[in-house]
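Understanding the architecture of this molecule
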Amino acid sequence: MAATRIELTPEAIALLQKMSRMQDIAVGAIAQALDEQNALTVSHIQRAYLSFPKGSAPVPIGLRVQSNRLRESVNAAPATQVGLRVNSGIGSNVVYARVHEFGGDVQHAPRTGWVRLRTTTGGALLGQKANARLAVFAKKSHKQVRFVQYKSQGYTVHMPERAPIRRGIVDRLKNYGRAVGRKLKEAWSSQ
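Summary of the structure given here.

Calculation rules
One numbering rule holds for all chains: residues counted from 1, following each sequence as written. Residue-level local features of this predicted model are given only where pLDDT is at least 70; pairs of side-chain atoms are given and counted only at 80 or more, and the full residue set underlies all totals for whole chains, interfaces and linings. Based on all heavy atoms of the structure, the side-chain values leave hydrogens and waters out of the count. The secondary structure listing takes helices from DSSP runs of H or I that are at least 4 residues long and strands from runs of E that are at least 2 residues long, numbered from the N terminus. Note on method: radius of gyration uses C-alpha positions; expected globular size equals 2.2 Å times residues raised to 0.38. The rule is simple: take the accessible area with a 1.4 Å probe, protein chains only, and divide by the maximum for that residue type; under 20% is buried, over 50% is exposed, in between is partly exposed. Any two residues whose heavy atoms approach within 4.5 Å at even a single point are treated as in contact. Only the protein chains shown count as covering a residue, and every accessible area follows the Shrake-Rupley method with a 1.4 Å probe. Cavities and pockets were defined on a 1 Å grid built from protein atoms only: a cavity is a group of points that admits a 1.4 Å probe but offers it no way out, a pocket is an open group of points flanked by protein on both sides within 12 Å along at least five of seven lines, and a lining residue is one with an atom within 4 Å of any such point. Grid points are joined across faces, edges and corners, and a volume is the space filled by probe spheres set on the points. Under the scheme applied here, ten amino acids are nonpolar (Ala, Val, Leu, Ile, Met, Phe, Trp, Tyr, Cys and Pro), four are charged (Asp, Glu, Lys and Arg), and all others, including Gly, are polar.

**A few points about the overall build of the protein**
- Assigned secondary structure in the protein consists of five helices and six strands.
- For the protein, the succession of helices and strands along the chain, N to C, is α-α-β-β-α-β-β-β-β-α-α.
- Here the C-alpha atoms of the protein give a radius of gyration of 30 Å, more than 25% beyond the 16 Å that 2.2 N^0.38 yields for 191 residues.
- With respect to the three principal axes, the spread of C-alpha positions in the protein is 110 × 40 × 30 Å.
- For the protein, the proportion of its 191 residues judged to be buried stands at 25%.
- Looking at the protein alone, contacts between residues at least 24 apart form 67% of all its contacts between residues at least 6 apart.
- Only carbon and sulfur atoms are counted for the fraction: they give 57% of the accessible area of the protein, which is about 13,700 Å².

Printed below as a string of C-alpha cells:
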C-alpha cells in the first residue's frame, strides 16, 4: 500500500510548534510552583511539627525544640527539570533527622572513662544535698577531688516514627495542586 501524505495548514503547523514549546514552558511553570510551595511547606513543617516547647512531654507527631539544629536544617532542594519530568524534595542534612522521620533503633555502645568528683577534707566523696548517695562533680577550681573510673553498658533506644516532614507535605498537598494549576494557566494564557 502506498503511503499517503497529509499536508497541514500553516495555522495547524504553528499550533503544533506552539504546543511543542508549551511542554517546556509547562515543565518550567510546574518547577516554579513546586519551589514556591516547598518554601511554604518548610515553614509549615518547622512551625507545626518541630516547634513543641522544650520542657513539654514528648509528642507522637513531632519533636520538641532541643537545640534548634534539626528545625533549622529542614530545607527544600530547588526543583530540577529532566526532560518532561520535574524533581523536587524537602529534607534535612542532620544525621538524626532520618530516625525521627522513619523511626528505628539507636544503638549506644558501652563506654569507659574517668570523672572528677569532689571530696571532703577527709577524702570521702561529697554527696549532693538533695540525695547524699549521688556524688558531686568537681570543677577545675576545686582542690579536693578524686578521679573515679566508670564503665557504662551499651543500650538501645527505640525511636518511634514521627514523620514531621512527610506530615507537613501531606498537610499542604492541595496547595501544591492549586499552585501548579495556577502556574499552568498563567503559562498557557501568556502564549
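**What about empty space enclosed by the protein?**
- Enumeration according to the criterion identifies one cavity of 30 Å³ or more in this entry.
- A volume near 40 Å³ is recorded for the largest cavity.
- Considering the residues around the largest cavity, the lining is formed by Leu50, Leu63, Leu70, Val74, Ala97, His100, Glu101, Pro164 and Ile165.
- Within the residue set of the lining of the largest cavity, elements represented by two or more residues are helix H3 (97-102) and helix H4 (164-171).
- With three residues, H3 is the largest single contributor of residues to the lining of the largest cavity.
- Each residue belonging to the lining of the largest cavity can be placed in one class, and the counts come to seven nonpolar, one polar and one charged.

**Observations concerning unusual backbone geometry**
- Unusually for a residue other than glycine, Asn68 sits at a positive phi of about 80°.
- In this model, Ala163 sits at a positive phi of 50°, which is unusual for a non-glycine residue.
- As for its placement among the helices and strands, Ala163 is situated in the loop between strand E6 (155-159) and H4.

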